Amino acid sequence: MLGLMQSEQLLISSLIDFAERHHGEAEIVSRRVEGDIHRSNYKQVAARSRKVANALDRWNLGFCDRVATLAWNGYRHLELYFGVSGSGRVIHTLNPRLHPDQIVWIANHAEDHVLCFDMSFLPIVQAVHSRCTTIKHFVALCDESKLPRDSGIPGLISYEAWIGAESSTYEWPDFDENCASSMCYTSGTTGNPKGVLYSHRSTVLHAWAGAMPDALNVSARDSILPVVPMFHVNAWGLPYSAAMTGAKLVFPGPAMDGKSIYELIESERVNFAAGVPTVWQMLLSHIQTGNLRFSTLERTVIGGSACPPAMIEAFSEVYGVEVLHGWGMTEMSPLGTVCTLRNKHLNLSADEKLKVRVKQGRSLYGVDMKIVDGEGNELPWDGKAYGDLLVKGPWVISDYFKGDAGSPLVDGWFPTGDVATIDADGYMQITDRSKDVIKSGGEWISSIDVENIAMAHPAVAMAACIGIKHPKWDERPIIAVMKKQGADVTREDLLAFYEGKTAKWQIPDDVVFVDAIPLGGTGKMQKSKLRDLLRDYRLPNT
Ligand code: AMP
């Protein structure tokens, strides 16, 4: 016997329809590439996303054809999110921080038909357009008056001219919720990047779960600043969760420095912000140097890389801002776990709470996880045993786009490539990326633990720990350190700082001071590049 309820498909168009009808006046505020602040709302975004749909129809784009973007977080990008997917096409967010050759490879692999780009990326598009063999149309995300006349890009049109003449009436098509809606390629630190293809169903379910109180707790009372880019895993689904709840959205555009982010938080009364640790480090430095306070910011979700405990402490103890540590992957849409406390934790001391908060968190409904040893046997949830982390759920990948290597799943589970522990309360803690774990004398050292201690030193802006070959111990850790501007610390000071904070054999053998730590396209430390930079480095006394 089937249930007798309506079986409406979970489509992305339903999110913008809902936002327009029930939260039409809720604001969408964007800092534009031009530097000015643009104000819009869900009603206007909905109308303009229907214009996008009509414009794509005019170009005869087929169902599931790919429309690529090279764009910052902003209202036009949001309109494309809804107009492209809502009309049955697939929005493919390209990462502008990748090497141009990689962008060409990805656009050709995805068979993009249209490329919409912010004017900051004009030089990239000029460099790659002739090699992107499937792209037929180029759209510059700007006013007609800002369109360069001699760009050299064939048929380049401004976004405003493209959608300007279109009707804002459009009937969103109805189709199977399992159809593709959007795609994003993994950063591909080894081999070619791989395409992850989200569906309408996975996107809506993920946005729903992400909005729940024990996840990101998104509501119509929020003013949200997603610093996490819309070009990488849909800004953690926040544009969709915000439309689902009617939250105000504040987009930073290209200005991600501490000062610009702080000003936007204050002027738009942002109470919730999301980003990777490197961005929050810049924000913290800015407020610390200027002796500033937050007047509205209540909580921030930090993920994408391990959030150092010192950062969680600084935000909560000094600035009264709650940090939610989150973990996920491109292959997981991305949210897997968020670290929110349970009822039993509420009366713990601040120190005890911090011990829980530094973990990557517990599963959202919809994501199941387990850790296994080298033979695939499940390991206990005791907070001590660590092994390969596997996940499954309706917004976890089943296969890569055109995946020629076969399904990545192992007995229905996706191996994340992370090494983790899970404690008896279900809180998962990442020890390392499996390829970054350091093996010393048969014991494993977590590079994240070594980095977290260095990050707690007041003179350290960023720290990355890597393993260096050692004749006796196989590998030994060293720590590469970028100092804060104007701060000073010696090698000996920093090594002494480790005393008593970790086992002696886990203390790095050396400190290497660097001007910058290489960051990848999504703001994560690129340890492969760092290893390259330090390839001639030799450990002391070896
Ligand atoms: P990406 O698919 O590029 O977003 O990268 C996903 C990977 O980033 C994960 O597999 C983890 O290795 C890492 N990652 C994401 N969030 C965290 C976190 N909170 N702590 C540690 N590593 C993280």
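Here, the structure is the one placed above.
Computed from a predicted model, the values in this text were never measured in an experiment.

Bringing unusual backbone geometry into the picture now. Along the chain, Ser333 connects to Pro334 via a cis peptide bond; the corresponding omega equals 5°. Structurally, Pro334 can be placed in the loop between strand 14 (322-328) and strand 15 (335-338). Look at Val233: it is not a glycine, yet its phi comes out positive at around 45°. Here Val233 shows up in helix 8 (residues 233-236). Non-glycine residue Asn291 carries a positive phi angle of around 55°. The topology assignment puts Asn291 in the loop between helix 11 (277-290) and strand 13 (299-303).

Volume-wise, the second largest pocket comes out at about 590 Å³. Every residue lining the second largest pocket is counted, 24 residues in all, and those nearest its centre are Thr278, Val279, Gln281, Met282 and Met462. Put simply, the parts of the chain that give the lining of the second largest pocket at least two residues each are helix 11, strand 23 (460-470) and strand 24 (474-483). In terms of residues, the lining of the second largest pocket owes the most to one element, helix 11, which gives seven residues. In terms of domain composition, the lining of the second largest pocket takes at least three residues from each of domain 1 (13-255) and domain 3 (438-533).

This next bit is on the sheet that holds strand 20 (residues 428-433). Strand order in the open sheet made by the four strands is 17-18-19-20, with antiparallel pairing throughout. Unpaired on one side and paired on the other, strand 17 (368-372) and strand 20 mark the two borders of the sheet. Shown here is a sheet whose adjacent strand axes are inclined to one another by a mean of 50°, direction ignored.

Taken together, 15 residues lie near the ligand, and Gly326, Thr330, Gln360, Asp418 and Arg433 sit nearest. Gln360 places a side-chain nitrogen or oxygen 2.8 Å from a nitrogen atom of the ligand. Here an oxygen atom of the ligand sits 2.6 Å away from a polar atom, N or O, in the side chain of Asp418. If the ligand stood free it would expose 500 Å²; the protein chains cover 91% of that surface. Broken down by element, the shell around the ligand gets its largest block of residues, four residues, from strand 14. Partitioning the shell around the ligand into residue classes produces three nonpolar, nine polar and three charged.

Conventions we followed
Residues numbered from 1 in each chain as written. Predicted model: local features only at pLDDT ≥ 70, side-chain atom pairs only at ≥ 80, totals over all residues. Heavy atoms only, no water. Helix = DSSP H or I, 4+ residues; strand = E, 2+ residues; numbered from the N terminus. 1 Å grid on protein atoms, 1.4 Å probe; cavity = no way out; pocket = protein on both sides within 12 Å on 5 of 7 lines; lining within 4 Å. Points joined across faces, edges and corners; volume = space filled by probe spheres on them. Domains from an automatic or database assignment. Pairing = 2+ DSSP bridges. Axes fitted to C-alpha atoms, helices over the stretch in contact; angles between N-to-C directions. Near = heavy atom within 4 Å. Polar contact = N/O pair within 3.5 Å; in protein donor to acceptor, adjacent residues only side chain to side chain. Areas by Shrake-Rupley, 256 points an atom, 1.4 Å probe, with all protein chains shown as cover. Nonpolar A, V, L, I, M, F, W, Y, C, P; charged D, E, K, R; others polar.

Interpretation note: all reported values are geometric properties and have no functional meaning in isolation.
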